[in-house]
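The primary structure of each chain is shown beneath.
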Amino acid sequence: MNENSPVAPTRHSDLEGSWRCPEPPAKDCPVARKRKRQRRVLGVAVLLLLGAGLTSGAWRSQAAREAAVDAKNQYRDIAPTVRVAAIKAAPATIDVTLPGATLAYATADIYARANGYVEKRNVDIGDHVKAGDVLAVLTAPELDHQIAQAEAAKAQAQATIRQSDANQRLAQVTNARSTVLVKQGWVTAQQGDTDRLNYAAQQAATVAAQASEVAQDSAIKVLRQQRDYLTVVAPFDGVITSRSVDTGALVQSQATLMFNLQQTDIIRVQVYVPQDQAFGAEPGVAVDVRVPEMPDRVFSGKITRIAESLQQGTRTLLVEADVPNPDAALRGGAYCVVELHIPRKTPARIVPAEALIFNRNGQQVAVVENDSVHLRKITVARDFGTTVEVMDGVGAGDQVVLNPMVNLADGQPVKIAPAPAVAKN
């Protein structure tokens, strides 16, 4: 084939198996090999650095864990110094302070039992009287005339009795004679019956006359009693707190209020005790009564009466105490403050309020035993501010931590701080 011969076209299929990437120039081969070596070195260096970083991180993490464990162990081994206070047993009585009211031991509204005019009034408001003292004298002249009339009627009845008695004895004798003569035939039977029945009638007349005397005597007693009622007397020792009449006033029986009398040598004190203390309030329990106007005076007494049933609306028990008042310093109707010393039914303990712990476990205290802390759950019955009354969980004499740390753990060892020295004057 010569140069001028036509060249046959080359097909793609003919070139598939024989084509290769052209070889780089000979002068570029050392450079390529050098770059390849650099890439390998760089990759190995990156891998080494990555491995060193992972190793260093693992070592640091392990060191941090070991440091945390060591710190935790050291914290457990550390015994912090804490202040403690001893728990005291609650008093044998519960002192409850409640509002109350004073009442007179006895009070009476005095009415007249007879109609009349006030002739004399002997007392006024504020006067102290004794039982039987005359408070007022009424006058009723018509009552004296009624008594005289009744006494005359009684005398008439007595005369009638004597007359009836004489007639009865005459009828008795006549009847006795007639009975004998009728049997002998000297007197008719009709006359005998007449004498017998006459005797019976005289007996009945005598009984009627005696009954009339008794009736007149009773009427006289009633009138005399009414006359006695004209003198109004005090039923008991006390003080006059009200006067509604004066000299010359008309008094209607059982309708006109004359005086009000109150016994104040003993004062009743009424107080309503809440349910939680009511079951300990019994007759004989001591009370102390104070009146705001006399802050330095305390009136002592005892519970004498209880209602035995709580008020449904307030769940309180009405309690009455008697308080001696010989100098009349207390007055009825006054507001007072009553302190009841109720015997405790169940034992309790007094815990300082600064020892309480409040968390998700409820109310607790930290008790120190054998130089370690033990958390105990408690039930608070009453809060007194600086102290609380606890029903369970602790005992008298237990040492509780004051102002405990937030992270104080159960079983943690502690040291008890020495008690502060008491300053001497």
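Up top you'll find the structure we're talking about.
Residues numbered from 1 in each chain as written. Predicted model: local features only at pLDDT ≥ 70, side-chain atom pairs only at ≥ 80, totals over all residues. Heavy atoms only, no water.

1. Focus on the overall build of the protein
Now for step 1: Scanning the protein for helices and strands turns up five helices and 23 strands.
Now for step 2: Within the protein, residue pairs in contact and separated by at least 24 positions form 75% of the contacts whose partners lie at least 6 positions apart. (Helix = DSSP H or I, 4+ residues; strand = E, 2+ residues; numbered from the N terminus. Contact = heavy atoms within 4.5 Å.)

2. Section: the sheet that holds strand β5 (residues 116-121)
Now for step 1: With respect to topology, four strands assemble into an open sheet ordered β8-β7-β5-β10, the strand pairing being antiparallel. A single partner strand is all that each edge strand has here, and the edge strands are β8 (231-233) and β10 (250-251).
Now for step 2: As judged from the two bridges shared by β5 and β10, these two strands associate in the antiparallel manner. Counterpart to Tyr117 in the pairing with β10 is Leu250. (Pairing = 2+ DSSP bridges.)

3. Some points on the sheet that holds strand β20 (residues 380-383)
Now for step 1: Taken together, four strands build an open sheet; the order of strands is β3-β16-β21-β20 and the sheet is antiparallel. Only two strands of the sheet have a single neighbouring strand rather than two, namely β3 (88-89) and β20.
Now for step 2: Two elements, strand β16 (residues 349-352) and strand β21 (residues 387-390), share four bridges in a ladder whose sense is antiparallel. Residue pairing for β21: Val351 is matched across the bridge by Val388.

4. Examining unusual backbone geometry
A negative phi angle is the norm for most residues apart from glycine, just as the trans form is the norm for most peptide bonds.
Now for step 1: We note that Glu308 has phi near 70°; this positive angle belongs to a residue other than glycine.
Now for step 2: Secondary-structure assignment places Glu308 in strand β13 (residues 294-310).
Now for step 3: The backbone phi angle of Arg315 is positive, close to 55°, even though this residue is not glycine.
Now for step 4: Looking at the secondary structure, you find Arg315 in the loop between β13 and β14 (316-324).
Now for step 5: The class of Arg315 is partly exposed, set by a relative accessible area of 41%. (Buried < 20%, exposed > 50% of the residue type's maximum accessible area, 1.4 Å probe, protein only.)

5. Topic: helix α4 (residues 189-229)
Now for step 1: In a regular helix each residue adds 1.5 Å, so 41 residues correspond to 60 Å; α4 covers 61 Å between its end C-alpha atoms and thus fits that length.
Now for step 2: For α4, every residue scored as buried is listed here: Gly192, Asp195, Tyr199, Gln202, Thr206, Ala209, Ile220 and Leu223.
Now for step 3: Taken together, the buried residues of α4 touch α3 (141-184). (Expected span 1.5 Å × (residues − 1).)

6. Let's talk about the pairing of strand β19 (residues 372-377)
Now for step 1: Pairing of strand β18 (residues 362-369) with β19, which is carried by six bridges, proceeds in the antiparallel orientation. Directly across from Glu369, in β19, lies its bridge partner Ser372.
Now for step 2: Remark: two residues form the turn of the hairpin made by β18 and β19, two consecutive strands paired antiparallel; Asn370 in that turn has positive phi of roughly 55°.

7. Some thoughts on the packing of aromatic side chains
Now for step 1: One pass over the structure, following the stated rule, counts zero aromatic pairs.
Now for step 2: The aromatic ring of Tyr105 is capped on one face by Arg268, whose charged end is 4.6 Å from the ring centroid. (Phe/Tyr/Trp six-rings, centres within 6.5 Å; stacked < 30°, edge-to-face > 60°. Lys NZ or Arg CZ within 6 Å of the ring centre and 35° of its normal.)

8. What to know about the nonpolar core
Now for step 1: Membership of the largest hydrophobic core comes to 26 residues, with the highest contact counts inside it found for Leu135, Met258 and Phe259.
Now for step 2: Counting only elements with at least two residues in this core, the list comes to β4 (93-111), β7 (134-139), α3, α4 and β11 (257-274).
Now for step 3: Apart from the residues within four sequence positions on either side, Phe259 is in contact with Ala108, Asp109, Ile110, Arg121, Val123, Leu135, Ala136, Ile240, Ser242, Arg243 and Val245.
Now for step 4: Val273, Val291, Phe299 and Leu330 belong to the second-largest nonpolar core, a separate cluster that totals 24 residues. (Core = buried A, V, L, I, M, F, W, Y, C linked by side-chain atoms within 4.5 Å.)

9. With respect to the side chain of Thr316
Now for step 1: Positionally, Thr316 belongs in strand β14.
Now for step 2: A polar atom in the side chain of Thr316 sits 2.6 Å from the side chain of Thr314.
Now for step 3: Once residues lying within four places of it in the same chain are set aside, the contact partners of Thr316 are Tyr272, Val273, Pro274, Ser309, Leu310 and Gln311. (Polar contact = N/O pair within 3.5 Å; in protein donor to acceptor, adjacent residues only side chain to side chain.)

10. Some details on the packing of α3 against α4
Now for step 1: Contact geometry for α3 and α4: axes closest at 7 Å, N-to-C directions at 165°. Looking at the two axes, α3 sits roughly antiparallel to α4. Handedness of the crossing formed by α3 with α4: left-handed. (Axes fitted to C-alpha atoms, helices over the stretch in contact; angles between N-to-C directions. Parallel < 35°, antiparallel > 145°, perpendicular 65-115°, else oblique. Left-handed = near helix turned anticlockwise from the far one by under 90°.)

11. Considering the pairing of β14
Now for step 1: By the criterion of burial, β14 is predominantly enclosed, with eight of the nine residues buried.
Now for step 2: Alignment of β11 against β14, held across nine bridges, turns out to be antiparallel. The residue of β14 that forms the bridge with Gln270 is Glu320.
Now for step 3: Hairpin connection, β13 to β14: the antiparallel pair is bridged by five residues, and Arg315 has positive phi, about 55°.

12. What to know about α3
Now for step 1: The end-to-end C-alpha distance of α3, which contains 44 residues, comes to 65 Å, matching closely the 64 Å that a straight helix rising 1.5 Å per residue would cover.
Now for step 2: Here the buried face of α3 lies against α4.
Now for step 3: Phi turns positive one or two residues past the end of α3, at Gly185, with a value near 90°.

In short, geometric facts, not functional conclusions.
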